[in-house]
Each structure stands twice: as structure tokens, then as C-alpha cells.
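If you want the building blocks of each chain, they are given just below.
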Amino acid sequence: MPLHHAVLALLTQRPNHGYELKARFEEAIGPQWGGLNIGHLYQILERLVRDGYVSRSQVTQTDRPDKNLYTLTEAGRTELNTWATSAWVRVGGFRDELFLKLLGAVALGPHALTTLIEAQRQTYLSELAGLARQRRAHAAEPLVAVLIDAAIAHTKADLGLLDSASAHLAPLAAAQDAQAPQRSQPQGSGGTDTTGDDSGRRGRRSESA
């Protein structure tokens, strides 16, 4: 459920309400992904609350209806870390979940980004080895061979993309980490308050609803 995890990634920075999450998602992902339907987003948030990955609180407003504020829980951070640092295996199409994984890993900081990129690199190398075996087995079948060649070329391009991702996103991940010095490393899950009430996050809640 990649969109669910993308929402968790956005909530690592601060609690948000629904429309703010929609705007931040579309800004972070860009026009290639397309807009995020607000009804679908609220369905996602309902599921995340039900699963215990996000908590919901109501904020009273004097001049407009009350709003729901969503906060990442410790269980949600653990789920995000597991998803964002594991290799993605393509199951079809080119709306690559890898890009959303990069969003999640950057939100978690440099360690998570490095872990994801290296895991993904090994996955691509394994795919290339399997494709080479298929290419030899189907050498006498021109159309199949062309399709396998295309898969090999795409996978090689994906390997090159990992180098680009590392170069371009490492500074962003470091900046995210610097903004949240209280964040614990993925291996040490003890003690970090992910309810959004710790002093490190209070300074990042200045955005209005």
C-alpha cells in the first residue's frame, strides 16, 4: 500500500490535517504522479488510524468547523521504516513505488536512504543475473529476446538512477535529519516520542490549518 506509506512519511515531520497532507503530497511528488483525491486520502487516513499507525485528535476552530489532526505513532514510524528500507520488486507498470520509497527514506534520514539504495542495488543486480539466463534460454526466439533485452536495458538504467538518487537526495536526507536531532536511529527504537508533543517538533508546527 505505497500511498499509505507516503502519508506516514509526510507525517514524520509534523502532524497534519487532510487538506494539508494532500497539498504536501502533491508538492513532494510533482505532476508526474497526478493529483491525490481527497476522498481517497481520507480513506487512507481512516485505515491508518484503525491500524494504529496514526492517531487522530480534534482541533477546535472559532471561525470555521473543527478539524482533525493526524499524528504519526511509534507503530507507524516502525512500519514506515520497515517499508522504506526494504527493496521494491517491480510487479508491472512504471508508476514506480521506488520513488515513494525514496520519499520515505529521505524523511527518515541518511541511514535509511543508504539502506534503501544498497538493498535496491542488490535487487537490481539479482534481476540482471536472472534476465541474462533468460536471454540465453530464448536466444532463438526473436520477439522474446527483444523483450528481455528491453528489460535488461531498463534494469541497467534503474541501476544508474540509484547513483543519481544517492547524489541528489543525500543532502536532502541530511537536512531532514538536522531538523529533527531528537530522531532515533532505526536500530534504536527506544524513547523517541512520536506523538508530535516533544519539544523538537513543537518548533515545526507553525503552519496554520
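See the structure printed just above.
Here, residues in each chain are numbered from 1, in the same order as that chain's written sequence. Reporting of local features is limited, given that this is a predicted model, to residues whose pLDDT is at least 70; pairs of side-chain atoms are given and counted only at 80 or more, and all residues count toward the totals for whole chains, interfaces and linings. Side-chain metrics in this entry use all non-hydrogen atoms of the structure; hydrogen atoms and water are not considered.

Engineer: Sorry, what's going on with the packing of helix α4 (residues 74-84) against helix α5 (residues 97-108) here?
Structural biologist: For any two helices packed against each other, the geometry is given by the interaxial angle and the distance between the axes. Here an angle of 0 to 180 degrees is reported between the N-to-C directions of two axes, which are lines fitted to C-alpha atoms, with helices fitted over the stretch in contact. Helix and strand assignments come from DSSP, with helices taken as H or I runs of at least 4 residues and strands as E runs of at least 2, each series counted from the N terminus. Taken N-terminus to C-terminus, the directions of α4 and α5 make an angle of 130°; their axes are 9 Å apart at the nearest point. Taken together, the axis directions place α4 and α5 in an arrangement best described as oblique. The element α4 and its partner α5 pack so that their crossing is left-handed. Between α4 and α5, the contacting residues are R77, L80, N81, W83 and A84 on the first element and E97, L100, K101, G104, A105 and L108 on the second. For the contact of α4 with α5, the per-class residue count stands at 6 nonpolar, 2 polar and 3 charged. An angle below 35 degrees is treated as roughly parallel, one above 145 as roughly antiparallel, one from 65 to 115 as roughly perpendicular, and anything else as oblique. Should the near helix be turned counterclockwise from the far one by less than a right angle, the crossing is left-handed, whereas a clockwise turn marks it as right-handed. Throughout, a residue-residue contact means that at least one pair of heavy atoms, one from each residue, lies within 4.5 Å. The residue classification treats Ala, Val, Leu, Ile, Met, Phe, Trp, Tyr, Cys and Pro as nonpolar and Asp, Glu, Lys and Arg as charged. All others, Gly included, are polar.

Engineer: Quick question: what am I supposed to make of the packing of aromatic side chains here?
Structural biologist: How two aromatic rings sit relative to each other is given by the distance of their centres and the angle of their planes. In this analysis, rings of Phe, Tyr and Trp, with Trp reduced to its six-membered ring, are considered paired at centre separations within 6.5 Å, and the interplanar angle assigns stacked below 30 degrees, edge-to-face beyond 60, and tilted for intermediate values. Tallied over the entire structure, the rule returns 1 aromatic pair. Centre to centre, the rings of Y19 and Y42 are 6.4 Å apart; their planes meet at 70°, and the pair counts as edge-to-face. Residue Y19 is found in helix α2 (residues 18-29), and its partner Y42 is found in helix α3 (residues 38-51); the two are separated by 23 residues along the sequence. Looking at Y19, the relative accessible area reads 52%, which means it is exposed. With a 1.4 Å probe rolled over the protein chains alone, any residue whose accessible area is under 20% of its type maximum counts as buried; one over 50% counts as exposed, and the rest are partly exposed.

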